[in-house]
Amino acid sequence: MQITLTQKERLLLEDQKSHEELCIEKYTVYEKQAIDNQLKQICNANCKVERSHLDTINQLLAGNVPDINQNQNQNQNPMQNLSSSQASGINLSDKDMCTDLLMTEKHVSGSYDTAIFEFRDTGARDVLNHIQKEEQKHGEAIFKYMESKGMYNVK
Ligand SMILES: [Fe+2]
Ligand SMILES: [Fe+2]
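Remember, it's a predicted structure, so these values are computed and weren't measured experimentally.

**Section: the coordination of the iron ion (ligand 2)**
Every protein donor of the iron ion (ligand 2) is listed here as Glu-50 (OE), Glu-105 (OE), Glu-105 (OE), Glu-135 (OE) and His-138 (ND1), and their distances to the metal cover 2.0 to 2.3 Å. Taken in chain order, the donor set of the iron ion (ligand 2) reads E-x54-E-x29-E-x2-H. Here the iron ion (ligand 2) and the iron ion (ligand 1) are spaced 3.8 Å apart, and both take Glu-50 as a donor. Residue Glu-50 is located in helix α2 (residues 37-61), and its partner Glu-105 is located in helix α3 (residues 94-116); the two are separated by 55 residues in the primary sequence. Comparing Glu-50 with Glu-105, the two get one shared label, buried.

This is the structure in structure tokens:
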């Protein structure tokens, strides 16, 4: 379905686009930097979903509301590969990376929630809601990982 975006909708989507790009960068860099293989796998899996989010946001920016049910297999968006020099800036511990990723996912999920309320089209709202749900799943994967490693104290 084709929609015409308001200026506000476009600005909100541009913000989400930059968030998704940053998520892809973080997961790519942290996958390389992580010591633990399980954390590398979480970064890899979440990164694939972030690429599909970026693809979806780009479709919305083009005025095209994708069908969320058909959108599952569109993960092959070839983002630029980060050079190894970009991955060697700051060396964070696995726990620091997890804390940063969890903080990032919380923020991104919150900004989707805010954006959804500004959209006129129900289909576009549903697409953004679907992405937000996946951001919460990313947060859950990181949370559970941290909890299992004693990195996250819930008591
Ligand atoms: Fe995302
Ligand atoms: Fe995410």
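**So, the coordination of the iron ion (ligand 1)**
Protein-derived ligands of the iron ion (ligand 1) are Glu-20 (OE), Glu-20 (OE), Glu-50 (OE), His-53 (ND1) and Glu-135 (OE), with the metal-ligand distances lying across 2.0 to 2.4 Å. Donor residues binding the iron ion (ligand 1) come from one chain and are separated in sequence as E-x29-E-x2-H-x81-E. Classification of Glu-20 as buried rests on a relative accessible area of 0%.

What counts and what doesn't
- The residue numbering used here restarts from 1 in each chain and proceeds along that chain's sequence as written.
- Each chain gets a letter, beginning with A, and each ligand a number, beginning with 1, in the order they are written.
- Only residues with pLDDT of 70 or above have their local features reported here, since the model is predicted, and side-chain atom pairs are shown and tallied only from 80 upward, although totals for entire chains, interfaces and linings are computed over all residues.
- The basis for the side-chain values is all heavy atoms of the structure; hydrogens and waters are excluded.
- In this listing, donors mean N, O and S atoms no farther than 2.8 Å from the metal, or 3.2 Å for Na, K and Ca; water is missing from the atoms, so a site can look incomplete.
- Numbering of helices and strands starts at the N terminus; helices are DSSP runs of H or I of at least 4 residues and strands are runs of E of at least 2.
- The buried label goes to any residue with under 20% of its type's maximum accessible area, the exposed label to any with over 50%, and the partly exposed label to all in between, with areas taken from a 1.4 Å probe on protein chains only.

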